[in-house]
Amino acid sequence: HYEVFILWLLEVRSAVVKSVRSAQSRIFIKNGHIVNDDQSFHADIYIEDGVIKQVGTNLVIPGGARTIDARGKLVMPGGIDTHTHMQMPFMGTVAIDDFYSGTKAALAGGTTMIIDFVIPQRGESLLDAYEKWRGWADAKVCCDYGLHVAVTWWSPEVAKEMEILSAEKGINSYKVFMAYKDVMMLEDPEIYSCFKQCKELKALPMVHAENGHLIDIKSKELLAKGITGPEGHAQCRPVEVEEEACNRAITIADQAGSPLYVVHVMSKPAANIIAKARKEGKIVFGEPVAASLGTDGSHHYNKCWRHAAGHVMGPPLRNDPSTPGHLMDLLANNDLQVTGTDNCTFNADQKALGKDDFTKIPNGVNGVEDRMSIIWEKGVYSGKMDPCRFVAVTSATAAKMFNIYPKKGRIAVGSDADIVIWNGDETRTISAKTHHQAVDFNIFEGMTVHGVPEYVITGGSIVMDEGQLKVTQGLGRFVPTPPNSQYVYGRIDTREKAKEPVKVDREGYSGPVVEVAAQE
Ligand code: URP
Ligand code: ZN
Ligand code: ZN
Ligand code: ZN
């Protein structure tokens, strides 16, 4: 009963916080340059009760509104990070950034929504795991969040639970793993069944594309050769291992008649496979992450063990300086569509679980705080994309794909007031010493990037105010993602009709048939 009482207190507290916030949430943003994915224009914005009420010029504003002068700044939808793992139990430990520090850091960087992953244990009920993640997140999130669910084992009960999750729990994206053998990996026929079920539910299947059998064999070979350091992690899973799995997943999805979303695209060949499949008319989407766009795998060969281990994630960063630029080129041209981070952070003492054996280093890196700046620097400041494309790849397309557009991902009347006021000329230098994440390491350490959020508004609350961060734990809400996103499913049915299997009507064969000897 004590626990129930505490939960009740937390709920009352968050309800009070929410109502106080909404009373204070009359905000007038004037003189800004608004950027959506399809157009940009000069206009003012009026916000009330967490929602954008007016967009235009010469607005009539009620009294008591806080005015923000955004002259010379861009006013954009807050970022949506499609891929995070806050406080994820993984490889014997738990990711150090939880739903509080993780979403606080997200907001500090201009991201106002994250989509995290429920990861059930093998044999565990998906619904139970979902409730566990909701419990962890609801109490702690400073911004709105959604959830994907990982399918880590397969059975008719799993298929049934997916149906309930999609119909009643706001889940419409499911991730399968082709790696992490004996832990989360599914075999091809199971993946096919899962993709079929996704199609049935009009949900979006996602894939971690790496050949888990090869990784298992090659990591044992490297350990036997005495290669136990983080460089072994990179070498046991070369680009071909990602490329092969990516191609296989696309083939399986195409045969199942489902769309496919490839998470954390880390290599040129995998990205090229996705681009090629799209040109062939397959319904495939690719998600590079802040890490793969902003840094590379040369760090695995650093003499400092902690530095090298700090960069360990799966699939690995590639030891090739041209990979980040290539991924950005494809992202700019819509060969790849959305960006996440795979934020899954571990301190030095956690990474040290693998100090004598790279296969035991917890996989994961930071990114949730720095994604927007990294993409601005490498994408917009470099001249590869315009601000509209920046909005497309940082929020709008994700909102369309996960079917929460234009509530999220757009500056428009009726949309949630999740807004970032962005100074594209200002710079900041990234460092673990100054970041808001809980983790003691930053893979972008020392990088100076253009693009700084001066104000961040989440659900109508100003949480970054002239560079000062003031967040509230538990203020964010769970955002259900409905099925049948038109961005994803718009042409699935018609495409299937066009590809119906053919049956030839013909007279039956009436000649002799050879006798088959009976089996003893
Ligand atoms: O290294 C990674 N990617 N850690 C998180 C788990 C996953 O595969 O997404
Ligand atoms: Zn993964
Ligand atoms: Zn170091
Ligand atoms: Zn991940």
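Refer to the structure printed above.
Please read these numbers as outputs of a predicted model, since none were measured by experiment.

Peer 1: Can you break down the overall build of the protein residue by residue, with the values?
Peer 2: Counting its secondary structure elements, the protein contains 17 helices and 20 strands. Radius of gyration (C-alpha) of the protein: 24 Å, near the 24 Å computed for a compact globule of 520 residues. Along the first, second and third principal axes, the C-alpha atoms of the protein reach 95 × 60 × 60 Å. Burial analysis of the protein (520 residues in total) assigns 58% to the buried set.

Peer 1: Run through the coordination of the zinc ion (ligand 4), naming residues and quoting values.
Peer 2: Distances from the zinc ion (ligand 4) to its protein donors, His83 (NE2), His85 (NE2) and Asp342 (OD), fall at 2.0 to 2.1 Å. The coordination sphere of the zinc ion (ligand 4) comprises four donor atoms, whose angles at the metal cover 87 to 141°; the geometry is irregular.

Peer 1: Could you give an account of the pattern of salt bridges, with specific residues and numbers?
Peer 2: Going through the model one piece at a time under the given rule, you end up with 34 salt bridges. Two residues, Glu454 and Lys73, come together in a salt bridge whose shortest N-O distance is 2.9 Å. Separated by 381 residues along the polypeptide, Glu454 in strand β18 (residues 448-458) and Lys73 in the loop between β6 (66-69) and β7 (74-77) bring together distant segments of the chain. Its relative accessible area of 19% is what places Glu454 among the buried residues. Salt bridges here are not isolated pairs; linked through shared partners, they connect Asp144, Lys407, Lys408, Asp416, Asp418 and Arg477.

Peer 1: How would you explain the sheet that holds strand β12 (residues 144-150) if you had to name every residue and give the values?
Peer 2: Strand order in the open sheet formed by seven strands is β8-β11-β12-β13-β14-β15-β16, and the pairing between neighbours is parallel. Of all the strands in the sheet, the pair left with one neighbour each is β8 (79-84) and β16 (284-288). Direction aside, the axes of adjacent strands within the sheet are offset by 30° on average. Here strand β13 (residues 173-177) runs beside strand β14 (residues 204-208); their pairing, made up of five bridges, is parallel. Within the sheet, the bridge partner assigned to Lys175 lies in β14 and is Met206. Against the sheet, helix α5 (residues 188-201) touches β13, β14 and β15 (260-265), its axis set at about 175° to β13.

Peer 1: Report on the packing of helix α3 (residues 126-140) against helix α4 (residues 156-168), specifying residues and quantitative values.
Peer 2: Contact geometry for α3 and α4: axes closest at 9 Å, N-to-C directions at 45°. As the angle between them shows, α3 and α4 are arranged oblique. Here α3 contributes Leu126, Leu127 and Tyr130 to the contact with α4, which in turn contributes Val158, Glu161, Met162, Ile164 and Leu165. The residue makeup of the contact of α3 with α4, split by class, is seven nonpolar, no polar and one charged.

Peer 1: Let's hear about the packing of helix α2 (residues 99-108) against α3: which residues, and what values?
Peer 2: It is the contact of α2 with α3, at a shortest axis distance of 8 Å, that shows an interaxial angle of 55°. With respect to each other, α2 and α3 are oriented oblique. Considering how the two elements wind past one another, α2 and α3 form a crossing that is right-handed. Mapping the contact onto sequence places Phe99, Tyr100 and Thr103 in α2 and Trp133, Trp136, Ala137 and Lys140 in α3. Residue composition of the contact of α2 with α3, by class: five nonpolar, one polar and one charged.

Peer 1: Please set out the site of ligand 1 residue by residue, giving values where relevant.
Peer 2: Neighbouring residues of ligand 1: 14 residues in total, closest Lys175, His208, Gly314, Asp342 and Asn363. Separating an oxygen atom of ligand 1 from a side-chain N or O atom of His85 is a distance of 3.1 Å. Contact between ligand 1 and His208: an oxygen atom at 3.0 Å from a side-chain N or O atom of the residue. For ligand 1, the accessible surface in isolation is 260 Å², of which the surrounding protein chains cover 100%. When grouped by side-chain class, the residues that make up the shell around ligand 1 number five nonpolar, seven polar and two charged.

Peer 1: I'd love a proper account of a nonpolar patch on the surface, names of residues and values included.
Peer 2: On the surface, Phe5, Trp8, Leu9 and Val12 cluster together into a nonpolar patch covering about 380 Å² of accessible area. Among the structural elements, Trp8 can be located in helix α1 (residues 2-23).

Peer 1: Report on the sheet that holds β7, specifying residues and quantitative values.
Peer 2: The seven strands lie next to each other as β3-β2-β7-β17-β18-β19-β20, forming an open sheet whose pairing is mixed. The strands lining the two open edges of the sheet, one partner per strand, are β3 (40-42) and β20 (468-469). Contacts from helix α14 (residues 371-381) reach β7, β17 (419-429) and β18 within the one sheet, and its direction differs from that of β18 by about 130°. Here helix α15 (residues 387-401) sits on the sheet in contact with β2 (33-35), β3, β7 and β17, set at roughly 30° to β7.

Peer 1: Explain the environment of His299 to me, and be specific about the residues and the numbers.
Peer 2: With respect to the element layout, His299 can be found in the loop between α10 (290-294) and α11 (305-310). Take His299: its relative accessible area is 24%, and that puts it in the partly exposed class. In this structure, the C-alpha to C-alpha distance between His299 and Val312, residues 13 residues apart in sequence, is 9.2 Å. In this structure His299 touches His307, Ala308 and His311, once residues within four positions along its chain are discounted. At 2.9 Å, the side chain of His299 forms a polar contact with the side chain of His307.

Peer 1: Give me the lowdown on unusual backbone geometry, citing residues and values where you can.
Peer 2: Of note, the bond from Gly314 into Pro315 is cis; its omega dihedral lies within 30 degrees of zero at -10°. Summarising the element assignment, Pro315 is placed in the loop between α11 and α12 (323-332). Despite not being glycine, His264 shows a phi value in the positive range, around 30°. Tracing the backbone shows His264 in strand β15. The backbone of Asn403 sits at a positive phi, close to 65°, despite the residue not being glycine.

Basis of the calculations
- Residues numbered from 1 in each chain as written.
- Chains lettered and ligands numbered in written order.
- Predicted model: local features only at pLDDT ≥ 70, side-chain atom pairs only at ≥ 80, totals over all residues.
- Heavy atoms only, no water.
- Helix = DSSP H or I, 4+ residues; strand = E, 2+ residues; numbered from the N terminus.
- Rg over C-alpha atoms; globule rule 2.2 N^0.38 Å.
- Buried < 20%, exposed > 50% of the residue type's maximum accessible area, 1.4 Å probe, protein only.
- Donors = N, O, S within 2.8 Å, 3.2 Å for Na, K, Ca; no water.
- Tetrahedral: all angles 85-135°; square planar, octahedral: opposite > 155°, others 65-115°.
- Salt bridge = Lys/Arg side-chain N within 4 Å of Asp/Glu carboxyl O.
- Pairing = 2+ DSSP bridges.
- Axes fitted to C-alpha atoms, helices over the stretch in contact; angles between N-to-C directions.
- Contact = heavy atoms within 4.5 Å.
- Parallel < 35°, antiparallel > 145°, perpendicular 65-115°, else oblique.
- Nonpolar A, V, L, I, M, F, W, Y, C, P; charged D, E, K, R; others polar.
- Left-handed = near helix turned anticlockwise from the far one by under 90°.
- Near = heavy atom within 4 Å.
- Polar contact = N/O pair within 3.5 Å; in protein donor to acceptor, adjacent residues only side chain to side chain.
- Areas by Shrake-Rupley, 256 points an atom, 1.4 Å probe, with all protein chains shown as cover.
- Patch = residues over 30% accessible without salt bridge, like charges linked within 9 Å, V, L, I, M, F, W, Y side chains within 5 Å.

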